[in-house]
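These are the residues of each chain, in order.
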Amino acid sequence: ARLRAILQDRRSELDSSTVTVLERNLELIDRAIAESRAALERDPGSEFLADQLARVMTKKVAILRTAALLPSRS
């Protein structure tokens, strides 16, 4: 949540096309997280699904960290 807030705070500092790409990618990742969670609820013992969920959540954090560190537009 803190990283998402940082991205929100930095929106005006970043190029609008960069923000568009970041938001689109985060939407895709959020959908993947929701789908993975739903699948894991149906099959809670699946190591594969648990691993997929962990991977996609790690990817989201990585994107948000990268966005937080992006230089301001010139």
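This text goes with the structure placed above it.
On a predicted model such as this, the values are computed, not experimentally measured, just so you know.

Right, let's talk about the overall build of the chain for a bit. Looking only at helices and strands, the chain has three helices and zero strands in total. Ordered by position from N to C terminus, the α and β elements of the chain give α-α-α. At 15 Å, the chain has a C-alpha radius of gyration far larger than the 11 Å of a compact globule built from 74 residues. For the chain, the spread of C-alpha atoms along the principal axes amounts to about 50 × 15 × 15 Å. Taking all 74 residues of the chain together, the buried fraction comes to 28%. The long-range fraction of contacts in the chain, counting pairs at least 24 apart against all pairs at least 6 apart in sequence, stands at 66%. Taken as a whole, the chain presents about 5,300 Å² of accessible surface, with 53% of it coming from carbon and sulfur. In the chain, the 13 positive side-chain charges and the 11 negative ones have mean positions that sit 5 Å from each other.

Turning next to the nonpolar core. Within the largest apolar cluster, 15 residues are counted, with the highest numbers of intra-cluster contacts made by Leu7 and Leu22. For this core, the elements supplying multiple residues, two or more each, are α2 (16-42) and α3 (47-69). Once residues lying within four places of it in the same chain are set aside, the contact partners of leucine 7 are Leu14, Leu22, Glu23, Leu26, Leu64 and Ala67.

What follows is about the side chain of serine 46. Within the fold, serine 46 resides in the loop between α2 and α3. We classify serine 46 as buried; its relative accessible area is 13%.

This part takes up α3. Here α3 spans 33 Å end to end across 23 residues, near enough to the 33 Å set by a 1.5 Å rise per residue. Every buried residue belonging to α3 is among Leu49, Leu53, Val56, Lys60, Ile63, Leu64, Ala67 and Ala68, and all of these are buried. Tucked into the core, α3 has its buried residues touching α1 (2-10) and α2.

On to the pattern of salt bridges. For the structure on display, the rule yields five salt bridges. For glutamate 23, the salt bridge identified is with arginine 4, shortest N-O distance 3.4 Å. With glutamate 23 in helix α2 and arginine 4 in helix α1, this pair connects stretches of sequence that are 19 residues apart. For the salt bridge of arginine 11 with glutamate 23, the shortest nitrogen-to-oxygen distance reads 3.0 Å. Of the two residues, arginine 11 is situated in the loop between α1 and α2 and glutamate 23 in helix α2; the sequence distance between them amounts to 12 residues. On the basis of relative accessible area, arginine 11 is assigned to the partly exposed category, the value being 34%.

The rules behind each value
- Residues numbered from 1 in each chain as written.
- Predicted model: local features only at pLDDT ≥ 70, side-chain atom pairs only at ≥ 80, totals over all residues.
- Heavy atoms only, no water.
- Helix = DSSP H or I, 4+ residues; strand = E, 2+ residues; numbered from the N terminus.
- Rg over C-alpha atoms; globule rule 2.2 N^0.38 Å.
- Buried < 20%, exposed > 50% of the residue type's maximum accessible area, 1.4 Å probe, protein only.
- Contact = heavy atoms within 4.5 Å.
- Areas by Shrake-Rupley, 256 points an atom, 1.4 Å probe, with all protein chains shown as cover.
- Lys, Arg positive; Asp, Glu negative; His and termini not counted.
- Charge placed at Lys NZ, Arg CZ, Asp CG, Glu CD.
- Core = buried A, V, L, I, M, F, W, Y, C linked by side-chain atoms within 4.5 Å.
- Expected span 1.5 Å × (residues − 1).
- Salt bridge = Lys/Arg side-chain N within 4 Å of Asp/Glu carboxyl O.

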